[in-house]
Amino acid sequence: AQSVTQPDIHITVSEGASLELRCNYSYGATPYLFWYVQSPGQGLQLLLKYFSGDTLVQGIKGFEAEFKRSQSSFNLRKPSVHWSDAAEYFCAVGAVPGNKLVFGAGTILRVKS
Amino acid sequence: EAGVTQFPSHSVIEKGQTVTLRCDPISGHDNLYWYRRVMGKEIKFLLHFVKESKQDESGMPNNRFLAERTGGTYSTLKVQPAELEDSGVYFCASSQAGVRGPNSYEQYFGPGTRLTVT
């Protein structure tokens, strides 16, 4: 069975600083990996996804993530954080396209000015 | 294009009562999913419809939960009778089936229904 670990429950960064949110997954085969963001009062919005090919994936809002099979990781990065990036971020894994997603517990990002 | 909508946005009920949550997927999306987030924990899968058929209901916690998707359009999730541990945020998502390209397999989520059982 798949599982996802997001080791950081809360992260605080200064506006303009770089960001890395960690995600480790457990799955025996090639996973389908996703990062979602949830802003207050909003639904989950897909930031980026990895299915195959280039292991560095570009997403919306200036985010990117790198799939590292050897480390079972799919960390989310952004070179310069904006105050509007404050939200909760979820990493998710899927085994079969179109089937259920397994989510991590989420990381709450706080941005200080 | 309208996104996934859910109704109500909030519901407060007493233990033992019944609540029905509704989800309207994006038009043309055959796949519809229900997820739940309880007490700030991880978002957990409940079930998956393909059109009107239940493809996977392995996440349904018990028989107090009943999901339907009549006609393969909107879906309802009924909790009867509600228990305290059912409190949480219920998310609905939808996706297209059999689509290739950059938007394939992407699940679009609604804003969720916050259920509080007192």
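Up top is the structure.
Presented here is a report on the structure given in the accompanying data block. Quantities reported herein were computed from a predicted structural model and do not represent experimental measurements.

Section: the overall build of chain B
Alright, step 1. When helices and strands are tallied, chain B shows zero helices and 11 strands.
Alright, step 2. For chain B, the succession of helices and strands along the chain, N to C, is β-β-β-β-β-β-β-β-β-β-β.
Alright, step 3. Here chain B has a C-alpha radius of gyration of 14 Å; the compact-globule value for 118 residues is 13 Å, and the two agree.
Alright, step 4. When the backbone C-alpha atoms are referred to their principal axes, chain B occupies close to 45 × 25 × 20 Å.
Alright, step 5. Counting contacts in chain B only where the partners sit at least 6 residues apart, residues at least 24 apart contribute 54% of the total.
Alright, step 6. For chain B, the accessible surface area stands at approximately 6,000 Å², while carbon and sulfur atoms represent 47% of it.

Some words on the interface of chain B and chain A
Alright, step 1. At the interface, 22 residues of chain B touch 20 residues of chain A.
Alright, step 2. When chain B packs against chain A, close to 1,600 Å² is buried across both sides, 57% of that on carbon and sulfur atoms.
Alright, step 3. For the interface between chain B and chain A, the tally reads two salt bridges.
Alright, step 4. One salt bridge connects Glu106 of chain B with Lys49 of chain A, and the closest N-O pair in it is separated by 3.7 Å.
Alright, step 5. Those elements giving two or more residues to the side of chain B that touches chain A turn out to be strand E4 (31-37) and strand E5 (43-50) of chain B.
Alright, step 6. Residue contributions to the side of chain B that touches chain A peak at four residues, all from E4 of chain B.
Alright, step 7. Taken together, the residues that form the side of chain B that touches chain A break down as nine nonpolar, eight polar and five charged.

Examining the pairing of strand E6 (residues 44-50) of chain A
Residue and element names in this part refer to chain A.
Alright, step 1. Among the seven residues of E6, six are classified as buried, and the element is accordingly described as predominantly covered.
Alright, step 2. Pairing geometry for strand E5 (residues 32-38) and E6, over six bridges, is antiparallel. The residue of E6 that forms the bridge with Tyr36 is Leu46.
Alright, step 3. Turn length for the E5-E6 hairpin, with the two strands adjacent in sequence and antiparallel, is five residues, and the turn residue Gly41 shows positive phi of about 75°.

Things to note about the state of the cysteines
Among covalent bonds in proteins, the disulfide is the one between the sulfur atoms of two cysteines.
Residues and elements named next belong to chain A.
Alright, step 1. Enumeration according to the criterion identifies two disulfides over all chains in this entry.
Alright, step 2. The disulfide partner of Cys23 is Cys91, and the gap between their sulfur atoms is 2.0 Å. In this structure, the disulfide formed by Cys23 and Cys91 twists by about -65° around the S-S bond and is classed as left-handed. Of the two residues, Cys23 is situated in the loop between strand E3 (19-21) and strand E4 (24-26) and Cys91 in strand E10 (residues 87-94); the sequence distance between them amounts to 68 residues. Cys91 carries the same exposure label as Cys23, and that label is buried.

Comments concerning the packing of aromatic side chains
Alright, step 1. Counting across every chain of the model gives 16 aromatic pairs over all chains.
Alright, step 2. Each ring, one from Tyr33 of chain B and one from Tyr35 of chain B, has its centre 6.3 Å from the other, and the planes form 35°; the classification is tilted. Each member of the pair, Tyr33 of chain B together with Tyr35 of chain B, is buried.
Alright, step 3. By the ring-pair criterion, three or more aromatic residues cluster together here, those being Tyr32, Phe34, Tyr36, Phe51, Phe90 and Phe103 of chain A together with Tyr33, Tyr35, Phe45, Phe91 and Phe109 of chain B.
Alright, step 4. Across the ring face of Tyr74 of chain B, the terminal group of Arg22 of chain B is positioned such that the distance to the ring centre comes to 3.8 Å.

Re the pairing of strand E3 (residues 19-24) of chain B
Residue and element names in this part refer to chain B.
Alright, step 1. A one-sided burial pattern is seen for E3, the buried positions being Val19, Leu21 and Cys23 and the unburied ones Thr20, Arg22 and Asp24.
Alright, step 2. Here strand E1 (residues 5-7) pairs with E3 via three bridges, running antiparallel. In the strand pairing of E3, Thr5 is matched with Asp24.
Alright, step 3. Relative to strand E8 (residues 75-79), E3 is paired through five bridges, and the arrangement is antiparallel. Note that in E8 the partner of Arg22 across the bridge is Thr76.

Some remarks on the nonpolar core
Alright, step 1. The biggest cluster of nonpolar side chains holds 26 residues, and the ones touching the most others in it are Leu19, Trp35, Leu47, Leu48, Phe74, Leu76 and Tyr89 of chain A.
Alright, step 2. When contributions to this core are tallied by element, the ones reaching two or more residues are strand E2 (10-14), E3, E5, E6, strand E8 (64-68), strand E9 (73-78), E10 and strand E12 (107-112) of chain A.
Alright, step 3. Discounting residues that sit within four places of it in the chain, Leu47 of chain A has contacts with Trp35, Tyr36, Val37, Gly59, Ile60, Lys61, Phe63, Leu76 and Tyr89 of chain A.
Alright, step 4. Judged by nonpolar contacts, the second largest core, of 21 residues, contains Val4, Leu21, Leu46 and Val79 of chain B.

Quick notes on the rules
- Residues numbered from 1 in each chain as written.
- Chains lettered and ligands numbered in written order.
- Predicted model: local features only at pLDDT ≥ 70, side-chain atom pairs only at ≥ 80, totals over all residues.
- Heavy atoms only, no water.
- Helix = DSSP H or I, 4+ residues; strand = E, 2+ residues; numbered from the N terminus.
- Rg over C-alpha atoms; globule rule 2.2 N^0.38 Å.
- Contact = heavy atoms within 4.5 Å.
- Areas by Shrake-Rupley, 256 points an atom, 1.4 Å probe, with all protein chains shown as cover.
- Buried area = accessible area lost by both parts, 1.4 Å probe.
- Salt bridge = Lys/Arg side-chain N within 4 Å of Asp/Glu carboxyl O.
- Nonpolar A, V, L, I, M, F, W, Y, C, P; charged D, E, K, R; others polar.
- Buried < 20%, exposed > 50% of the residue type's maximum accessible area, 1.4 Å probe, protein only.
- Pairing = 2+ DSSP bridges.
- Disulfide = S-S within 2.5 Å.
- Phe/Tyr/Trp six-rings, centres within 6.5 Å; stacked < 30°, edge-to-face > 60°.
- Lys NZ or Arg CZ within 6 Å of the ring centre and 35° of its normal.
- Core = buried A, V, L, I, M, F, W, Y, C linked by side-chain atoms within 4.5 Å.

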